[in-house]
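Analysis of the macromolecular model
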Amino acid sequence: MKQLTKAEEEVMQLLWELKEANVAAIIDQMPAPKPAYNTISTIIRILENKEFVSYRKEGKGHIYFPLVKKEEYSNQSLNKLMDNYFNGSFRNMVSFFVKKNDMDIKDLEQILKELDNKK
């Protein structure tokens, strides 16, 4: 699966949330200052080429929807982060976040409980 740029990921986050939308609806959800219509339209076309987004015709316009599930992309991104920065070790990654983010013991216990339930 291809990686997304920050701008592409921002548009995908909105599409995942909206489930489907035209360019104007995506722009409406963005913080000020709003990007130009052509900018978002171009990003959508790039996402189509990367096979993250498809569309259906509606009137004179297009309604876009995600082809890639958010969980699927999140998992792939997390695995890449783990491989590139933590030598592929989940333990090293969790240890880093516990140390650097002053993780609460209750949060850590909850993670361990979820891992136990997965077995």
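Residues numbered from 1 in each chain as written. Predicted model: local features only at pLDDT ≥ 70, side-chain atom pairs only at ≥ 80, totals over all residues. Heavy atoms only, no water.

Thoughts on the overall build of the protein
Which entries qualify depends on this criterion: We count a stretch as a helix when DSSP gives it H or I for four or more residues in a row; a strand needs E for two or more, and each element gets its number in order from the N terminus. To get the radius of gyration, use the C-alpha atoms; to get the globule rule, take the number of residues to the power 0.38 and multiply by 2.2 Å. We call two residues in contact when some of their heavy atoms are within 4.5 Å.
For the protein, the count of helices and strands is six helices and two strands. Reading the protein from its N terminus to its C terminus gives the helix and strand order α-α-α-β-β-α-α-α. For 119 residues, the compact-globule estimate of 2.2 N^0.38 gives 14 Å, and the C-alpha radius of gyration of the protein, at 18 Å, exceeds that figure by more than 25%. Referenced to the eigenvectors of the C-alpha coordinate spread, the extents of the protein come out at roughly 55 × 30 × 25 Å. Across the protein, contacts joining residues at least 24 apart in sequence account for 48% of those joining residues at least 6 apart.

Let's talk about the environment of Leu108
Take Leu108: it is sitting in helix α6 (residues 105-118). Filtering out sequence-adjacent residues up to four positions away, Leu108 remains in contact with Val94, Val98 and Met103.

Comments concerning the side chain of Glu8
Going by this rule: Type-normalised accessible area, obtained with a 1.4 Å probe on protein chains alone, sets the label of each residue: buried when under 20%, exposed when over 50%, and partly exposed for intermediate values.
Within the secondary structure, Glu8 is located in helix α1 (residues 6-18). Here Glu8 falls in the buried class, since its relative accessible area comes to 5%. Discounting residues that sit within four places of it in the chain, Glu8 has contacts with Gln3, Ile43, Ile46, Leu47 and Lys50.

Thoughts on the nonpolar core
What counts is decided by this rule: Among buried residues, the Ala, Val, Leu, Ile, Met, Phe, Trp, Tyr and Cys ones that are joined through side-chain atoms within 4.5 Å form a nonpolar core.
By size, the foremost hydrophobic cluster in this structure holds 20 residues, and its most contacted members are Val11, Ile26, Ile40, Leu47 and Phe52. When contributions to this core are tallied by element, the ones reaching two or more residues are α1, α2 (23-28) and α3 (37-49). It is α1 that contributes the most residues to this core, five residues altogether. Not counting residues up to four positions away in its chain, the partners in contact with Val11 are Ile26, Met30, Ile40, Ile43, Ile44 and Leu47.

Brief notes about the side chain of Gln76
For Gln76, the location among the structural elements is in helix α4 (residues 70-85). When residues no more than four places from it in sequence are discounted, the contact partners of Gln76 are Met1, Lys2 and Gln3.

Let's talk about the pattern of salt bridges
What counts, and what does not: Each reported salt bridge corresponds to a side-chain nitrogen of Lys or Arg within 4 Å of a carboxyl oxygen of Asp or Glu.
On inspection of all chains with the given rule, the structure shows three salt bridges. Residue Lys50 is joined to Glu8 by a salt bridge in which the shortest nitrogen-to-oxygen separation is 2.7 Å. With Lys50 in the loop between α3 and β1 (53-58) and Glu8 in helix α1, this pair connects stretches of sequence that are 42 residues apart. For Arg56, the salt bridge is made with Glu20, and the minimal N-O distance between the two is 2.8 Å.

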